[in-house]
Amino acid sequence: MTSPQSDPAPQPPQPPQGHAHGHTHSHGPAAPVSKHLRKVIAAVVIPFATAVVVGLIAFWPGGAPDHERTGVGFDRQTQDGKVVQVVKVDCADVNAAQVPPTGDTSTPSGREAVNEQEGECAKATVEVTSGNDKGRQFVEVVQPDAPRQLREGQGVVVAYAPDAPRDLQYSVTDVNRKIPMTLLAAIFALAVIAVGRLRGVMALVALAVSFAVLTLFILPAILQGSNPLVVAVIGASAIMLAALYMCHGVTARTSVAVIGTLISLLLIGLLGSLFIGWADLSGNTDDNTGLIHGLYPDIDMSGLLLAGVIIGSLGVLDDVTVTQTSAVWELHQADPQMGWRGLYRAGIRIGRDHIASVVNTLVLAYAGAALPLLLLFSIAQSSVGTVANSELVAEEIVRTLVGSIGLVASVPVTTVLAALVVSADRPGAGTSSSTAAAPARTGRGRRRKA
C-alpha cells in the first residue's frame, strides 16, 4: 500500500495543472502561445502582409481598359429579352437549312440538313426588355435539332450587332438564368449561416472579398498588361490573408497556416513555371483564349495559365493548412508534454488521410471539367499517349499535378511548422492567456524532475 501512496507526494504543485487543464477545455479551440513566439510569427507575417499591400497599390489597375467590341463570342453587346410568341412552321418555308447539292446524306451535316429541311421549326417572336431599344421585337427561327428550344414567356439574353441590317441586328444567344442562380446563391448563403453561424457569416464575407480582389484587381491588372504571375501571386496572397484571418481569427494558429500556405504557393509557382515552359504550353488553346489574345496581344498567355494554376490551388491549400494546424494544436492541448517530434508524427498521420482524399478530389474535379473533351478523344479512339500529348489535355495534366504536388507538400510543411511553434512555447516570456501557459509550464516542470 505504500507504493500507491508514494504517487501523491509530488501533488502539491499539481492543483494549478488540474485547474488550468479544465480551464483550457472550457476556452474551446483558442490556444495562444507565448509573447516571444507571437513576436517571431509577427516578424514573418507582418512584412509579408506589408509587401502584399504595397503590391496591391503598385499594380492597382483602376479598371479594365476600353476596347472596340468585336462582336465575337463573349465580346458582344447584350441586352435582356423575352419570348412573347412561338409558332410552329415548316423549316422549308423559312429556309432553315439546305440539303447538300450532291444529295449526300451519309455525312452528319448532310443528315442534319435533311432532317431540318423536312422537320418543323419554331418561329419565336422576341421582345427586347432593356437598353435603348426596349420594346423592339424581332423573329428568331429555332431548328428542330437545336440543343436549346424556346418557349413563350421565357427570359433570354439577346446580342446586338449595330453594323448588321436592321432585321438581323438582334439574335438570341442564351437563356436568362438570373432568377434560379440568385435563388441557389441565397439557399447556399442560408445553409452556410445556419450551420456555421458567426463563422459562416465571416466565411461569406471572406468569399465576397475574394471575388472583389479577383474582379477589381487580378483581372483588370492582367488586361492592362501587368505580368500575370506577379499579379496572381499578389492577388492570391491578399485573398489568403483576408480569408484565413477573417474566418479563423488573428491568432498564432492562423498565422502558421498562412505561412504554410505561402510556402506551398511558392512551390506551386516554381513548379508551374518550370513545367509550363518545359512542355511548351502556350495557354492559347480554345476560342476564348484566342479571343483574349486577339484583343490584348501583349498578355502573356502562358503566364495567364500559370496564374490560373496558382489561384485554382489556393482554395484547397487553405483547407489543408488550416486543418493540419488545428490538428497539431488540439494534439498539444490533449497532451502538453508531447514534443515537436511526437506532434509531427501524430499530425502527419492525420495529414496522410487528408492527402488521399484531397488529391483524388482535385483530379476528379479537373477530369469532370474536361469530360466533354475526353469524350471526343474517346470517340476518335485516340491512344492515351496521344490524348495526354495534346495541349488541351496537357494543360489540365500539368495544372492537376502541379497543384497536387503543392497540396501534398503543404501537409508536412504546415505540420512541422505547427509542431515547432506550439511545442516551443516559452511561458517565461509571457503569454496572452494563463490557460496557454499552464499546460506548458507543467510539462516543463515534469521534464526537470525527470
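Thresholds applied
- Residues numbered from 1 in each chain as written.
- Predicted model: local features only at pLDDT ≥ 70, side-chain atom pairs only at ≥ 80, totals over all residues.
- Heavy atoms only, no water.
- Helix = DSSP H or I, 4+ residues; strand = E, 2+ residues; numbered from the N terminus.
- Buried < 20%, exposed > 50% of the residue type's maximum accessible area, 1.4 Å probe, protein only.
- Contact = heavy atoms within 4.5 Å.
- Areas by Shrake-Rupley, 256 points an atom, 1.4 Å probe, with all protein chains shown as cover.
- Pairing = 2+ DSSP bridges.
- Axes fitted to C-alpha atoms, helices over the stretch in contact; angles between N-to-C directions.
- Core = buried A, V, L, I, M, F, W, Y, C linked by side-chain atoms within 4.5 Å.
- pLDDT = per-residue confidence, 0-100.
- Phe/Tyr/Trp six-rings, centres within 6.5 Å; stacked < 30°, edge-to-face > 60°.
- Patch = residues over 30% accessible without salt bridge, like charges linked within 9 Å, V, L, I, M, F, W, Y side chains within 5 Å.
- Salt bridge = Lys/Arg side-chain N within 4 Å of Asp/Glu carboxyl O.
- Lys, Arg positive; Asp, Glu negative; His and termini not counted.
- Charge placed at Lys NZ, Arg CZ, Asp CG, Glu CD.
- Expected span 1.5 Å × (residues − 1).
- Polar contact = N/O pair within 3.5 Å; in protein donor to acceptor, adjacent residues only side chain to side chain.
- Parallel < 35°, antiparallel > 145°, perpendicular 65-115°, else oblique.
- Left-handed = near helix turned anticlockwise from the far one by under 90°.
- Nonpolar A, V, L, I, M, F, W, Y, C, P; charged D, E, K, R; others polar.

A.B. asks: Which parts of the structure should I look at to understand the overall build of the protein?
C.D. replies: Counting its secondary structure elements, the protein contains 14 helices and 5 strands. For the protein, buried positions account for 37% of its 450 residues. By sequence separation, contacts in the protein at least 24 residues apart represent 72% of the contacts at least 6 residues apart. About 24,900 Å² of surface is accessible on the protein, with carbon and sulfur atoms providing 62% of the total.

A.B. asks: How do you make sense of the sheet that holds strand 4 (residues 155-160) when you look at a structure like this?
C.D. replies: Neighbouring strands of a sheet are bound in pairs by backbone hydrogen bonds; such pairs are parallel or else antiparallel. Spatially, 5 strands are ordered 3-2-1-4-5 in an open sheet, and the strand pairing comes out antiparallel. Strands with a single pairing partner mark the edges of an open sheet, and in this sheet they are strand 3 (137-142) and strand 5 (170-175). The mean inter-strand angle of the sheet, taken between neighbouring strand axes irrespective of direction, is 45°. Sheet topology places strand 1 (residues 77-90) next to strand 2 (residues 120-128); 9 bridges connect them, and they run antiparallel. Note that in strand 2 the partner of Lys-88 across the bridge is Ala-122.

A.B. asks: Before we go on, may I ask you to explain the nonpolar core in this structure?
C.D. replies: A general feature of soluble globular proteins is that nonpolar side chains tend to end up buried together. Phe-217, Ile-218, Met-240, Val-258 and Trp-329 are the most contacted members of the largest nonpolar core, which has 57 residues in total. Of all the secondary-structure elements, those providing two or more residues to this core are helix 3 (35-59), helix 5 (178-223), helix 6 (228-248), helix 7 (252-278), helix 9 (301-334), helix 10 (340-369) and helix 13 (391-423). The dominant element in this core, judged by the number of residues it contributes, is helix 9, at 11 residues. Excluding residues that lie within four positions of it along the chain, Phe-217 makes contacts with Gly-55, Leu-56, Phe-59, Trp-60, Pro-61, Ala-212, Val-231, Ile-234 and Gly-235. If you look at the next biggest cluster of nonpolar residues, it comprises 12 residues, including Val-83, Val-142, Val-156 and Tyr-170.

A.B. asks: In this structure, what is going on with the confidence of the model for the protein? I would like to understand it.
C.D. replies: Detailed conclusions should not be drawn from predicted coordinates in areas where pLDDT is low. Here the protein averages 77 in pLDDT, and 77% of its residues register 70 or above. Here helix 2 (residues 15-26) stands out as the element of the protein with the lowest mean pLDDT, 39, in contrast to helix 5, whose mean of 91 is the highest. Across residues 97-103 the pLDDT falls below 50, and counting only partners more than four positions away or on other chains, this stretch makes 10 contacts in the model. Overall, residues 428-450 carries pLDDT values under 50, and its contacts beyond four positions in sequence, including any with other chains, amount to 35 contacts.

A.B. asks: Is there a simple way to think about the environment of Ile-355 in this case?
C.D. replies: By the secondary structure assignment, Ile-355 is in helix 10. On the basis of relative accessibility, which here comes to 22%, the residue Ile-355 falls in the partly exposed class. Along the primary structure Ile-355 and Leu-407 are separated by 52 residues, whereas in three dimensions their C-alpha atoms are 7.4 Å apart. Excluding residues that lie within four positions of it along the chain, Ile-355 makes contacts with Val-408 and Val-411.

A.B. asks: What exactly am I supposed to notice about the packing of aromatic side chains here?
C.D. replies: A ring pair, where both rings are aromatic, is described by two values, the distance of the centres and the angle of the planes. Counted by the stated rule, this structure contains 4 aromatic pairs. Here the aromatic cluster, defined as three or more aromatic residues joined through ring pairs, consists of Phe-138, Tyr-160 and Tyr-170.

A.B. asks: Help me out: how do you make sense of a positive patch on the surface in this one?
C.D. replies: Taken together, the side chains of Arg-341, Arg-345, Arg-349 and Arg-352 define a basic patch exposed on the protein surface. Looking at the element boundaries, Arg-341 is found in helix 10.

A.B. asks: Looking at this structure, how should I read the pattern of salt bridges?
C.D. replies: Summed over the entire model, instances satisfying the criterion amount to 6 salt bridges. In this structure, the salt-bridge partner of Lys-178 is Asp-80, at a minimum N-O distance of 3.4 Å. Pair noted here: Lys-178 is in helix 5 and Asp-80 is in strand 1, with a separation of 98 residues, a long-range link. Given the relative accessible area of 51%, Lys-178 is considered exposed. With a shortest N-O distance of 3.4 Å, Arg-136 and Asp-133 are connected by a salt bridge.

A.B. asks: It is not clear to me how helix 6 should be interpreted in this structure. Could you clarify?
C.D. replies: Owing to its 3.6 residues per turn, the α-helix brings residues three or four apart onto one side. With 21 residues, helix 6 extends 29 Å between its outermost C-alpha atoms, agreeing within 8% with the 30 Å of an ideal straight helix rising 1.5 Å per residue. In terms of burial, helix 6 is largely enclosed, as 16 of its 21 residues are buried. One side-chain oxygen of the residue at the start of helix 6 lies 2.8 Å from the amide nitrogen of Leu-229, identifying that residue as Asn-227. Once helix 6 ends, the next one or two residues include Gly-249, with phi positive near 90°.

A.B. asks: In this structure, what is going on with the packing of helix 6 against helix 7? I would like to understand it.
C.D. replies: When two helices pack together, their arrangement is captured by the angle between the axes and the distance separating the axes. Running from N to C, helix 6 and helix 7 cross one another at 155°; their axes reach a closest spacing of 10 Å. Overall, the two elements helix 6 and helix 7 adopt an arrangement that is roughly antiparallel. Crossing of helix 6 against helix 7: the hand is right-handed. Across from Met-240, Leu-241, Leu-244, Tyr-245 and His-248 in helix 6, the residues of helix 7 making contact are Thr-254, Ser-255, Ala-257, Val-258, Thr-261, Leu-262 and Leu-265. Residue classes in the contact of helix 6 with helix 7 are distributed as 8 nonpolar, 4 polar and no charged.

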